[in-house]
Structures are given as structure tokens and as C-alpha cells.
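Given next are the chains, with one letter for each unit.
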Amino acid sequence: MTRALLVCPEPLGHRQPAGIGIRFIEMARVLLADGHEVTLLSRDAGSVAGCRVDAITPENLERYSREAGVAIVQGHAANELFAHAVAIPTVVDLYDPYIVENLHYYPSRGAEVFAHDHATLIQSLLRGDLFLCASEAQRLFYLGALLATGRVNPIAFESDPNLDALLRIAPFGVGPAPSPASDESTPSHDVLFGAIYDWYDPIMAIEAVAIARATLPDSTLTFTTHPNPSLTPQGKLAEAMKVVKQKRYDFVCFEPWVAYEERAVFFARFGAALMTFPRSIETDLSMRTRVYDYIWGGLPIVTSSAPGTDELLMRYGAGTVIPSNSPAELAAALVHVLRDDRMRMREGARRFVGEHQWDRALQPLVEFVRAPRADPSKEAFAATLRLPEHAPSFLDRIKRRMGGSF
């Protein structure tokens, strides 16, 4: 048994966690089920059954880290952990590539966001002992970052050529399948988008459903408002609300984010889910939380292309990917799913749920918590990396090979 300290950067007390909050709740549950004691710190000391909980403060970080054998942290909370906690083996969860997502905020918030994100990521890469990511694409991305900070180094490579002791894939997961809706005799033509982040394209979604209504006039589109608006800029949400008001689209509604334990009932209202966004490095690296959640809830998905989740949807037949980002093509796919393909996709969703349970997804974390260890090569190169005053010339290299002179 290990005492594990989880430091979640999001509030949990409102019972409406976003992706990071969901992940920490499920990490806590998996570690509790494996026999460990769990202390969970969050912005508001939100409770999770079976855990000791408290708020993130300098005093609490110092106090609880002295009692713990391992810490798990994500995002900007790492700054506070490393500043105030005692040194213990630490897992840094990198599943959310925040430094890439937040590139979208430069026009509205300037360079400060990137500077803060960059400093946070570098410190996390220097201080962590095990890193978790969500996909093969993320693993290559973070291996490059770890190489740049000296964490991928000759000592680490010699003892572990695959670097599995440094960086492991632990994707998102799902819980047991919810009970099916009691009445499916009249399938819903309502479409769920969910929360709007600034890297999505809600206007394209609105246009697609407007086109689909020519065939399915009872179709609607629902967006949900974010539970942590102070932590997440809402530019695209404001843009969507403005368009809906200007065009008087009464088929579009904005509803509050639903409590985590109540989302299965919420999902049962809809016939399909829709996701629209432009292609970028963010879509290459992100592992969409809502894709896992919607498949878990039995919702067929129509989506723009994102490599991280396209493969999942195609492998299980749980959704349709539209590479063109054409509202007309998205609308045609929605109509086909809502009228003809919904039940087949739900079969694929059931297979997905069985193979992506949280205890399986988080196995790399479980293994580390059972036997925490500090990375012995952590400081071997990171503290001594320095840029040369000038790049060595061809002549310099020849001289070095011949003993320094000729």
C-alpha cells in the first residue's frame, strides 16, 4: 500500500468536472480500488468518496507530501507542488497538451499565457519522475521535449532503450456502460455538441444542423456552458451566441454543464453528437475527452478529422469522420446517422466501452504507485545543459577528434 497525493488543477466541488477533473476523479478511484490511501487536493477541496480531500495551499502541499510516497500532478498545479512540497517520486500527467491548446489565446491575451505555459512545462519535465501521455503522437512530441531538457539522456537510454520508465501511454478511459435508454422506439433527432473551447468551430456546427433541418426539421443543436469559465477563455462561445441571436435560430440552445454522475441521463436525450474544428497541431495531439464520454453514453459521433480519435471511431464503427469540414457534408452525415446508422454505431460503442475501462487505461500509473521511484538520471544532464558560445566549426570538430591540436 502506498499513500498517494493527487494534485488536481481544477475545482471539483461543483460536481461538474471537465476532462482533467474527470481524469483525477477516476485516478483516485482506480488507486483506491488497488488498495492505496489517496489524498486529493483541488482548487476547492471537492470531495471524492474514499479520499481525504483538501484545498491546494502551500501548507497543505508541504504537510501531505511529507506523509505520501508518491505525488500525481497535472498542468499548472505542478508549479505549486514543486515550490512547496517535499521531494517525493512524482508522476506528471501530460495527457492534456495545454501548451499547444493555449496557443489559441495569443490574439486575446498576449504572450503571457504562452510564457507561463512554457515555464510550467519545462519545470515539470525537469522535476517529474514518470510522465504519462495519451497517444503515440503525444509520446513522440513529449520525447522531443524531454530530450531538449536533458531527461532523455545516455544514462536513461542505456538502462531503458524504449524509455518506458520515463514516459508511458495512459489514455483516457470510461466506466461501466450505463443502462440503455428505456424507450428507443422514437429516436431523437437532437444533436449534442457540448462545451465550446476556442479551438472548436461552433459556427460550422450551427450551419451543419441548419442544413440538416431541411431533411429532419425537428433536429436541434445543444451547446453546454463551461463549469470553469474563469480558467477557460470563452471567445468562441460568445461568437456562437451572437450568431444564434442575429439569425434567430430557435433550434440552437445553450445549457449548463451537467453533473458528472448525471451525464448518462443527459446523453440519452440526444440522437448523435457533433464536433467541428479546423485542423492544426492541436488536433494532431489532443485526445478528446468528449469522444470517450460520448461513446460511453451510446452517442454516435459525427466529427471533423483529428488523428488522435479518428482511429478509435473507425476501429469501433462508433462515428463518422468528415475530413473536408464542409457544413453540407457534415449535415449529410448527421442525417444518415440519425435516420439509418445509429444502432450499428451503438453496437461499436459497446465494444469500445468493454475495452477502455479506467483500470486498464491507467495501468501504467497503478504500476508506478505500487513501487514509486525517483529517476536516478534526473539531474545528470538537465542541470548542466548549456548552449555553446558559438557553434563548433568543422575545423573544431576535426581538432577535437585528433586530441585538441594539429
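Now for a description of the structure that goes with this document. Bear in mind the structure is a predicted one, so any value in this text is a computation, not a measurement.

**Details of the overall build of the protein**
Right, on to step 1. Within the protein one finds 18 helices and 13 strands.
Right, on to step 2. Here the protein has a C-alpha radius of gyration of 23 Å; the compact-globule value for 406 residues is 22 Å, and the two agree.
Right, on to step 3. For the protein, the spread of C-alpha atoms along the three principal axes comes to 80 × 55 × 40 Å.
Right, on to step 4. Evaluated residue by residue, the protein yields a buried proportion of 54% over its 406 residues.
Right, on to step 5. The contacts in the protein between residues at least 6 apart in sequence include a share of 73% that link residues at least 24 apart.
Right, on to step 6. On the protein, roughly 18,400 Å² of surface is accessible, and the fraction owed to carbon and sulfur atoms is 56%.
Right, on to step 7. Charge-centre separation for the protein: the mean point of 40 positive side chains lies 2 Å from the mean point of 48 negative side chains.

**Thoughts on the pairing of strand 11 (residues 272-275)**
Right, on to step 1. Side-chain alternation along strand 11 places Ala-272 and Leu-274 on one buried face and Ala-273 and Met-275 on a second face that is also buried.
Right, on to step 2. Across two bridges, the pairing between strand 8 (residues 190-195) and strand 11 is parallel. When the bridges of strand 11 are listed, Val-191 appears paired with Ala-272.
Right, on to step 3. Two strands pair when backbone bridges link them, and strand 11 and strand 12 (residues 301-304) are joined in this way by three bridges, in the parallel orientation.

**Some details on the pattern of salt bridges**
Right, on to step 1. Inspection of every chain in the model, using the stated rule, returns 20 salt bridges.
Right, on to step 2. Here Arg-269 makes a salt bridge to Glu-255, at a shortest N to O gap of 2.9 Å. Residue Arg-269 is located in the loop between helix 11 (263-267) and strand 11, and its partner Glu-255 is located in strand 10 (residues 252-256); the two are separated by 14 residues in the primary sequence.
Right, on to step 3. Where Glu-347 meets Arg-350, a salt bridge forms, and the shortest distance between an N and an O atom there is 2.5 Å.

**A word on the sheet that holds strand 6 (residues 130-133)**
Right, on to step 1. Spatially, the seven strands line up as an open sheet ordered 3-2-1-4-5-6-7, and their pairing is parallel. With partners counted over all chains shown, the strands left at the sheet margins are strand 3 (52-55) and strand 7 (167-169), one partner each. Mean inter-strand twist for the sheet, computed between neighbouring axes without regard to direction, equals 20°.
Right, on to step 2. In this sheet, strand 7 lies alongside strand 6 in parallel orientation, the contact comprising three bridges. In the sheet register, Phe-131 faces strand 7, and the bridge partner there is Leu-167.
Right, on to step 3. Along the sheet, helix 2 (residues 58-67) contacts strand 1 (3-7), strand 2 (37-42) and strand 3; its crossing angle with strand 3, the most-contacted strand, is approximately 155°.
Right, on to step 4. The strands touched by helix 7 (residues 136-148) are strand 6 and strand 7; relative to strand 7, the strand with the most contacts, the crossing angle is about 170°.

**A short note on the sheet that holds strand 10**
Right, on to step 1. The six strands are arranged 10-9-8-11-12-13 in an open sheet whose pairing can be described as parallel. Bordering the open sheet on either side are strand 10 and strand 13 (319-322), each of which pairs with just one other strand. Averaged over all pairs of adjacent strands, the angle between strand axes in this sheet comes to 25°, irrespective of strand direction.
Right, on to step 2. The sheet strands contacting helix 15 (residues 327-355) are strand 8, strand 11, strand 12 and strand 13, and the helix crosses strand 13 at an angle near 160°.

**So, helix 3 (residues 77-84)**
In an α-helix, one full turn covers 3.6 residues, which means residues spaced three or four apart are oriented alike.
Right, on to step 1. For helix 3, every residue scored as buried is listed here: Ala-77, Ala-78, Leu-81 and Phe-82. Buried residues of helix 3, seen end-on, are gathered within an arc of 125° and therefore sit on one face of the element.
Right, on to step 2. Close packing links the buried residues of helix 3 with strand 1, helix 2, strand 4 (70-74), strand 5 (90-93) and helix 6 (112-127).

Conventions and cut-offs
Residues numbered from 1 in each chain as written. Predicted model: local features only at pLDDT ≥ 70, side-chain atom pairs only at ≥ 80, totals over all residues. Heavy atoms only, no water. Helix = DSSP H or I, 4+ residues; strand = E, 2+ residues; numbered from the N terminus. Rg over C-alpha atoms; globule rule 2.2 N^0.38 Å. Buried < 20%, exposed > 50% of the residue type's maximum accessible area, 1.4 Å probe, protein only. Contact = heavy atoms within 4.5 Å. Areas by Shrake-Rupley, 256 points an atom, 1.4 Å probe, with all protein chains shown as cover. Lys, Arg positive; Asp, Glu negative; His and termini not counted. Charge placed at Lys NZ, Arg CZ, Asp CG, Glu CD. Pairing = 2+ DSSP bridges. Salt bridge = Lys/Arg side-chain N within 4 Å of Asp/Glu carboxyl O. Axes fitted to C-alpha atoms, helices over the stretch in contact; angles between N-to-C directions. Arc of directions from axis to C-beta.

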